[in-house]
Amino acid sequence: MHIEYEEFESIEDIFMYMSSVAPPMKNTLPINSYKGYVFSFIPLSHSNGDVYLFIYTKGKLEGRILEFDVNTHSYKKVESIERADKNYFIVLTPKRNTIADVALEKL
């Protein structure tokens with residue numbers, strides 16, 4: 001497995017990046033909060049799946065649904081996914097994430 005890295009200044013910057021690379025009509029995206037970092041893995045290799053882009057920033061999010069507004073560059077906690085014009089992030093907080101452990105170790 002090969003991991004490339006892209007560091008961001010803020011959680012909002014990660015949400016903006018993720019919103020821009022999301023497939024059309026996909027407004028619900030997973031994001032991880034683990035060991036003091038907020039991050040996502042994006043596969044870069046389609047053939048064998050062993051190359052990933054690790055986008056990250058330092059921070060912490062509680063496990064929940066967050067609604068992100070691209071125009072205002074802000075997010076808020078919501079109870080449900082309701083609007084097609086917003087991007088939603090499902091915050092996952094794994095107990096253990098071996099791929100993330102490898103990526104964080106190499107930082």
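Brief notes about the overall build of the chain
Piece 1. Scanning the chain from N- to C-terminus turns up 2 helices and 7 strands.
Piece 2. Ordered by position from N to C terminus, the α and β elements of the chain give β-α-β-β-β-β-β-β-α.
Piece 3. Seen along its three principal axes, the alpha-carbon backbone of the chain occupies a region of about 35 × 30 × 25 Å.
Piece 4. Burial status across the chain gives 38% buried among its 107 residues.
Piece 5. Expressed as a percentage of contacts within the chain between residues at least 6 apart in sequence, the contacts between residues at least 24 apart total 58%.

A short note on helix α1 (residues 11-21)
Piece 1. Listed as buried for α1 are Ile-11, Ile-14, Phe-15, Met-18 and Ser-19. Axial view of α1: buried residues confined to an arc of 135 degrees, hence all on one face.
Piece 2. In the core, the buried residues of α1 are packed alongside β2 (28-34), β3 (37-43), β4 (51-58), β5 (65-69), β6 (74-78) and β7 (87-92).

A word on the sheet that holds strand β1 (residues 2-7)
Piece 1. Reading across the sheet, the 7 strands line up as β1-β4-β3-β2-β7-β5-β6 and stay open at both edges, with mixed pairing between neighbours. Looking at the sheet topology across the chains shown, the edges are occupied by β1 and β6. On average, each strand axis in the sheet is tilted by 35 degrees relative to the strand beside it, whichever way the strands run.
Piece 2. Where β5 meets β6, 5 bridges bridge the pair, whose relative direction is antiparallel. Paired with Asp-69 across the strands is Ser-74, a residue of β6.

Quick notes on a nonpolar patch on the surface
Piece 1. A grouping of Met-1, Ile-99 and Val-102 is seen on the molecular surface, where their side chains present a nonpolar patch of about 240 Å² in accessible area.
Piece 2. Within the secondary structure, Ile-99 sits in helix α2 (residues 98-105).

Comments concerning the environment of Phe-39
Piece 1. Assignment of secondary structure puts Phe-39 in strand β3.
Piece 2. Of the residues examined, Phe-39 reaches a relative accessible area of 0% and is grouped as buried.
Piece 3. Sequence separation of Phe-39 and Ile-65 is 26 residues, and the distance between their C-alpha atoms is 15 Å.
Piece 4. Sequence-distant contacts of Phe-39, that is, excluding residues within four places in its chain, are made with Ile-31, Asn-32, Tyr-34, Phe-54, Ile-55, Tyr-56, Asn-97 and Ala-100.

Side note on the side chain of Thr-57
Piece 1. Residue placement: Thr-57 occurs in strand β4.
Piece 2. Using a relative accessible area of 3% as the deciding quantity, one classes Thr-57 as buried.

Some details on the confidence of the model for the chain
Piece 1. Counting all residues, the mean pLDDT for the chain is 90, and 96% of those residues have values of 70 or more.
Piece 2. At the level of individual helices and strands, the chain shows its lowest average pLDDT in α2, which scores 91, and its highest in β6, which scores 95.

Conventions adopted
- Residues numbered from 1 in each chain as written.
- Predicted model: local features only at pLDDT ≥ 70, side-chain atom pairs only at ≥ 80, totals over all residues.
- Heavy atoms only, no water.
- Helix = DSSP H or I, 4+ residues; strand = E, 2+ residues; numbered from the N terminus.
- Buried < 20%, exposed > 50% of the residue type's maximum accessible area, 1.4 Å probe, protein only.
- Contact = heavy atoms within 4.5 Å.
- Arc of directions from axis to C-beta.
- Pairing = 2+ DSSP bridges.
- Axes fitted to C-alpha atoms, helices over the stretch in contact; angles between N-to-C directions.
- Patch = residues over 30% accessible without salt bridge, like charges linked within 9 Å, V, L, I, M, F, W, Y side chains within 5 Å.
- Areas by Shrake-Rupley, 256 points an atom, 1.4 Å probe, with all protein chains shown as cover.
- Salt bridge = Lys/Arg side-chain N within 4 Å of Asp/Glu carboxyl O.
- pLDDT = per-residue confidence, 0-100.

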